[in-house]
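Residue-level listing of the chains:
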Amino acid sequence: MVLNYIWVAFFLVAFVIAAVKLVILGDYDVFPAMMDSTFASSKTAFEISLGLTGVLSLWLGVMKVGEKGGVVNVLARVLSPVFTKLFPDIPKGHPVTGSIFMNIAANMLGLDNAATPLGLKAMEQMQELNVKKDTASNAMIMFLVLNTSGLTLIPVSIMVYRAQMGAAQPTDIFIPILLATFFSTLAGVIVTSLYQRINLLNRTLLLTLGGACAVVAGIIWGFSQLTPDMMNRVSTSAANILLMTIICAFILAGIRKKVNVYEAFIEGAKDGFTTAVRIIPYLVAILVGIGVFRASGAMDMLIGGMRWCVELTGAGAQWVDAMPTALMKPLSGSGARGMMVDAMTTYGADSFVGRLSCIFQGSTDTTFYILAVYFGSVGIRNTRHAVSCGLLADLAGIIAAIAICYMFFG
């Protein structure tokens, strides 16, 4: 229902702004630009779905091998004490626990291509437990918020973009991103727990969150001891080594269980195509709405209004120039990436705005894209409090990113 209101608002606001620009300013290009955007966005949505087909087939096949090999069940048993607290509606030891863990681990390593099919697998398993098939369950919402908060340990792609844009030290945003995304995830878990009345003050969750804080602190300290070149090399190598280790571990587990690994892979991979096709209508809807909103000039007006309001208070408005990335990130990952590159091109990769745009890009994830893809794949229409919790996590990440950027680079 919330997505419905937002989607309609994109079009109505865009139409009103375009009409005003045509009548008052004589801008005859605005409506053609909006129409061009609808065609381009729908084409992009199809291309994204088409591009996902191979990756979905690969990872759903690998997950099927792991499922039949017992790896997913082992992960479920190990994580059961923590996940039974955050996901009380999921039975203890259910295979979906392992799928959720694999998805979150892939997101933390910045392995987006691996995370999406793993997440879709988890959603399908949670839908089997869902009583109301068209309404998001509490477990689904907590899972979505963990995804949209964008916890990232190794932001490889952002560091690569900074290197391409000529940054003196492409890795100098590594620690700020790690801190900002951690605060975003922590806020998302707390807000969703309050909505769902989950008790966070029990020993298991307190030890888990405290341990996570200690691990994050240790990672920050360890990488701070490396040179920028070595940090890039270690980050990239660690992500790819872990990914290949997971694939090989699943295959070996299947062999140990005397599973026909090849047939199991084919069985899982067949679901990749059908899942990709199911996603297309939802992606077309959300990307076309965003494209029209951008083409009408509504985004530019929003940023200009923000700068004017900030300047009225007498506060520094330097961070406002990086806000297009922050505002676009919940809507479109590729759009936010374009905003980030544009900020580095306009202001410089090592400027405050350029660095803040990179931190915005890494501190949260594409909330509406994730909602559209994950909920759309299982036919969820009533998203309940998923959007509000996801956006509050995004807001926490944005505020943390601004504060941390001033701390490091201000």
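Residues numbered from 1 in each chain as written. Predicted model: local features only at pLDDT ≥ 70, side-chain atom pairs only at ≥ 80, totals over all residues. Heavy atoms only, no water.

Peer 1: Give a description of the overall build of the chain that names residues and reports values.
Peer 2: Helix and strand content of the chain: 17 helices and zero strands. A separation of at least 24 residues holds for 78% of the contacts in the chain among residues at least 6 apart in sequence. Carbon together with sulfur atoms contributes 67% to the accessible area of the chain, which is approximately 18400 Å² in total. (Helix = DSSP H or I, 4+ residues; strand = E, 2+ residues; numbered from the N terminus. Contact = heavy atoms within 4.5 Å. Areas by Shrake-Rupley, 256 points an atom, 1.4 Å probe, with all protein chains shown as cover.)

Peer 1: Can you explain the pattern of salt bridges? Please cite residues and give values.
Peer 2: One pass over the full model with this rule turns up four salt bridges. In this structure, Asp350 engages Arg162 in a salt bridge whose closest nitrogen and oxygen atoms are separated by 3.1 Å. Note that Asp350 is positioned in the loop between helix H14 (333-347) and helix H15 (352-363) and Arg162 in helix H7 (residues 156-164), a separation of 188 residues in sequence. A relative accessible area of 30% means that Asp350 is categorised as partly exposed. In this structure, the salt-bridge partner of Arg355 is Asp350, at a minimum N-O distance of 3.8 Å. Arg355 sits in the buried class, given a relative accessible area of 17%. A single network of salt bridges, built from pairs that share partners, joins Arg162, Asp350 and Arg355. (Salt bridge = Lys/Arg side-chain N within 4 Å of Asp/Glu carboxyl O. Buried < 20%, exposed > 50% of the residue type's maximum accessible area, 1.4 Å probe, protein only.)

Peer 1: Please set out a nonpolar patch on the surface residue by residue, giving values where relevant.
Peer 2: On the surface, Phe15, Val16, Val20, Val23, Ile24 and Leu25 cluster together into a nonpolar patch covering about 660 Å² of accessible area. Structurally, Val16 can be placed in helix H1 (residues 2-25). (Patch = residues over 30% accessible without salt bridge, like charges linked within 9 Å, V, L, I, M, F, W, Y side chains within 5 Å.)

Peer 1: Can you explain the side chain of Ser149? Please cite residues and give values.
Peer 2: Tracing the chain through its elements places Ser149 in the loop between helix H6 (138-148) and H7. On the basis of relative accessibility, which here comes to 0%, the residue Ser149 falls in the buried class.

Peer 1: Explain the environment of Leu86 residue by residue, including any values.
Peer 2: Along the chain, the position of Leu86 falls in helix H3 (residues 71-86). Considering only alpha carbons, one finds Leu86 and Ala212, 126 residues apart in sequence, at a separation of 15 Å. Among all residues touching Leu86, those that are not within four sequence positions of it are Met142, Val189, Ser193, Ile198, Leu200 and Leu205.

Peer 1: Which residues make up the packing of helix H8 (residues 174-196) against H15, and what values do they have?
Peer 2: Where H8 meets H15, the axes come as close as 8 Å, and the angle between the chain directions of the two elements is 40°. When the axes of H8 and H15 are compared, the pair comes out oblique. Crossing of H8 over H15 shows right-handed handedness. Counting all contacts with H8, which are made through Pro176, Ile177, Ala180, Thr181 and Ser184, the residues of H15 involved are Cys358, Ile359, Gly362 and Ser363. For the contact of H8 with H15, a count of residues per class yields five nonpolar, four polar and no charged. (Axes fitted to C-alpha atoms, helices over the stretch in contact; angles between N-to-C directions. Parallel < 35°, antiparallel > 145°, perpendicular 65-115°, else oblique. Left-handed = near helix turned anticlockwise from the far one by under 90°. Nonpolar A, V, L, I, M, F, W, Y, C, P; charged D, E, K, R; others polar.)

Peer 1: So, the nonpolar core: which residues are in play, and what are the values?
Peer 2: Counting residues in each nonpolar core, the largest one holds 56 residues, and the members touching the most others are Phe87, Ile100, Met123, Met126, Phe143 and Phe375. Beyond its immediate chain neighbours, meaning those up to four positions away, Ile100 contacts Phe83, Phe87, Ile90, Ala122, Met126 and Phe143. The next biggest cluster of nonpolar side chains, apart from the first, holds 38 residues, and it includes Phe174, Ile303, Ile359 and Ile404. (Core = buried A, V, L, I, M, F, W, Y, C linked by side-chain atoms within 4.5 Å.)

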